[in-house]
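Structure assessment
Take a look at the letters that make up each chain.
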Amino acid sequence: MEGTIERQWEYIYSHNKENTKILGDKNGDPNCEDSENQFDFSVMSYNILSQDLLEDNSHLYRHCRQPLLHWSFRFPNILREIKHFDADVLCLQEVQEDHYGTEIRPSLESLGYHCEYKMRTGRKPDGCAICFKQSKFSLLSVNPVEFYRPDIPLLDRDNVGLVLLLQPRIPSAASPAICIANTHLLYNPRRGDIKLTQLAMLLAEISSVAHQKDGSFCPIVMCGDFNSVPGSPLYSFIKEGKLNYEGLAIGKVSGQEQSSRGQRILSIPIWPPNLGISQNCVYEVQQVPKVEKTDDNLTQPQLEKTEVIVAAGKLSSYLQHHFSLSSVYSHYFPDTGIPEVTTCHSRSAVTVDYIFYSAQKEDVAGEPGAEVALVGGLKLLARLSLLTERDLWTVNGLPNENNSSDHLPLLAKFRLDL
């Protein structure tokens, strides 16, 4: 029987030692009581490995003993992990439709979760799910995103995203809503043009859902399998909010391939104007006249916002988005510089899974040593440590006896100051 590797909770925010003291129970799951001025919640992102995809790509799992690959063995293990970590929000990828209906959703509902699901388009039988504890949140809106567009040749892939707007259940205090997004971007390492466009479509939906009346955005958590490695142009775009893609080879976008020989360069713009998304990754809306009758029976145009889509302005090789997003994980172990790994099978061991969040901005005023004021956004309290490739091969890689996906679950604990 294969051994197990313990993953430790890493406590990030320790401004007040009392906060860190109450973050963990005996299982390391951080669940502390909310005060009137703060709301704590945990998020898990987990690619659970669709059984159909496992069987279609059996060459990736030659290292595994066959009984460990059966769904009847795998699902109880996955459910055990979910129960153990007891996250308030689950963002799951590769959720197979038939298993979702018969096992996954009923099991999670019995644990107090409300579940929303978006299957991939075409004949692809898996998709993304977001499940949240009804004791912690109420549902404000469900916003699925289909990346397939029959009118746009570039967007001929069946990946999807799902965006929920959740309201924290806090009886004694008002709270902003929290936007939770989940996606699984295209795998193909050579199609960075498609990946960036899919990401832009997801960001545009998040921008629409998270937008508040005062022009700001509510807190955002964006999870998923982005099929891109840390430091790649796609990853850097998420974190830095800008990307100049002029001269960038399409195979370099996700960082999965080292050589870009023979690969074409990204076109400017990457996607056509009829997608209706600007280079700032927001939906484009045109101001068009609305005709209203007046008392003298004449018509007079008045401006009204409509869903009419307009073309992008001048051609630019710059992509931008409006969010200030940080990664929960640092992707390298600080003492050794060895990469963290989120997926490991016969062909590779890399990081492609992430939890991004809108971090509180630090405003430092006055003299050196002055207190740092944390403004807006979410505070990262803790994260469940990741592992190295070497660690994972000591238990025969993934999946194994105790870990039944070829991905590790990512888990983070956040605090929203009210």
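In this text, all values refer to a predicted model and were calculated from it rather than measured experimentally. (Residues numbered from 1 in each chain as written. Predicted model: local features only at pLDDT ≥ 70, side-chain atom pairs only at ≥ 80, totals over all residues. Heavy atoms only, no water.)

1. Observations concerning the packing of helix α5 (residues 192–210) against helix α6 (residues 233–240)
Contact pair α5 / α6: the axes reach a minimum separation of 11 Å and the direction vectors enclose 20°. With respect to each other, α5 and α6 are oriented roughly parallel. As α5 packs across α6, the resulting crossing turns out to be right-handed. Across the interface between the two elements, K195, L196, L199 and L203 of α5 pack against L234, F237 and I238 of α6. The residue inventory of the contact of α5 with α6, partitioned by class, reads 6 nonpolar, no polar and 1 charged. (Axes fitted to C-alpha atoms, helices over the stretch in contact; angles between N-to-C directions. Helix = DSSP H or I, 4+ residues; strand = E, 2+ residues; numbered from the N terminus. Parallel < 35°, antiparallel > 145°, perpendicular 65-115°, else oblique. Left-handed = near helix turned anticlockwise from the far one by under 90°. Contact = heavy atoms within 4.5 Å. Nonpolar A, V, L, I, M, F, W, Y, C, P; charged D, E, K, R; others polar.)

2. Observations concerning a negative patch on the surface
Residues D52, E55, D56, E97 and D98 make up a contiguous surface patch of negative charge. In terms of residue count, helix α2 (residues 51–56) provides more of the negative patch than any other element does, 3 residues in total. By the secondary structure assignment, E97 is in helix α4 (residues 97–110). Judged by relative accessible area, which is 43%, E97 ranks as partly exposed. (Patch = residues over 30% accessible without salt bridge, like charges linked within 9 Å, V, L, I, M, F, W, Y side chains within 5 Å. Areas by Shrake-Rupley, 256 points an atom, 1.4 Å probe, with all protein chains shown as cover. Salt bridge = Lys/Arg side-chain N within 4 Å of Asp/Glu carboxyl O. Lys, Arg positive; Asp, Glu negative; His and termini not counted. Charge placed at Lys NZ, Arg CZ, Asp CG, Glu CD. Buried < 20%, exposed > 50% of the residue type's maximum accessible area, 1.4 Å probe, protein only.)

3. A few points about the pattern of salt bridges
In total, this model carries 15 salt bridges according to the counting rule given. Note that E401 and R65 form a salt bridge whose closest N and O atoms lie 2.7 Å from each other. Of this pair, E401 sits in the loop between α7 (389–393) and β21 (410–417) while R65 sits in the loop between α2 and α3 (71–85), and the two are 336 residues apart along the sequence. Residues D151 and R149 are paired through a salt bridge, measuring 3.0 Å at the closest nitrogen-oxygen approach. Beyond isolated ion pairs, a larger network of salt bridges with shared partners links R191, D193 and R264.

4. Focus: the environment of A359
Here A359 is to be found in the loop between β17 (353–358) and β18 (361–364). Taking the C-alpha atoms as reference, A359 lies 8.7 Å from I220; in sequence the two are 139 residues apart. In contact with A359, other than residues within four places in its own chain, are S324, S326, G376, G377 and L378.

5. Some words on the confidence of the model for the protein chain
In this model, the protein chain carries an average pLDDT of 88, and 83% of its residues clear a pLDDT of 70 or more. Contacts for the low-pLDDT stretch residues 15–31, under 50 throughout, to residues beyond four places or in other chains number 29 contacts. Scored below 50 in pLDDT, residues 363–373 makes 9 contacts in the model with residues more than four places away or belonging to other chains. (pLDDT = per-residue confidence, 0-100.)

6. Side note on the pairing of β21
With 7 of 8 residues buried, β21 lies mostly within the body of the structure. Direction of pairing for strand β2 (residues 38–47) relative to β21: antiparallel, over a ladder of 8 bridges. Bridging from a neighbouring strand, S45 pairs with L410 of β21. Examined bridge by bridge, strand β20 (residues 379–384) and β21 share 4 bridges and lie antiparallel to one another. For R383, the partnering residue across the bridge sits in β21 and is A412. (Pairing = 2+ DSSP bridges.)

7. Digging into the packing of aromatic side chains
Scanning the model with the defined rule gives 14 aromatic pairs in all. Ring centres 5.8 Å apart and planes at 25° place the aromatic pair F39 and F41 in the stacked group. The pair formed by F39 and F41 is uniform in burial state, with each residue classed as buried. Each ring, one from F132 and one from F137, has its centre 6.5 Å from the other, and the planes form 90°; the classification is edge-to-face. (Phe/Tyr/Trp six-rings, centres within 6.5 Å; stacked < 30°, edge-to-face > 60°.)

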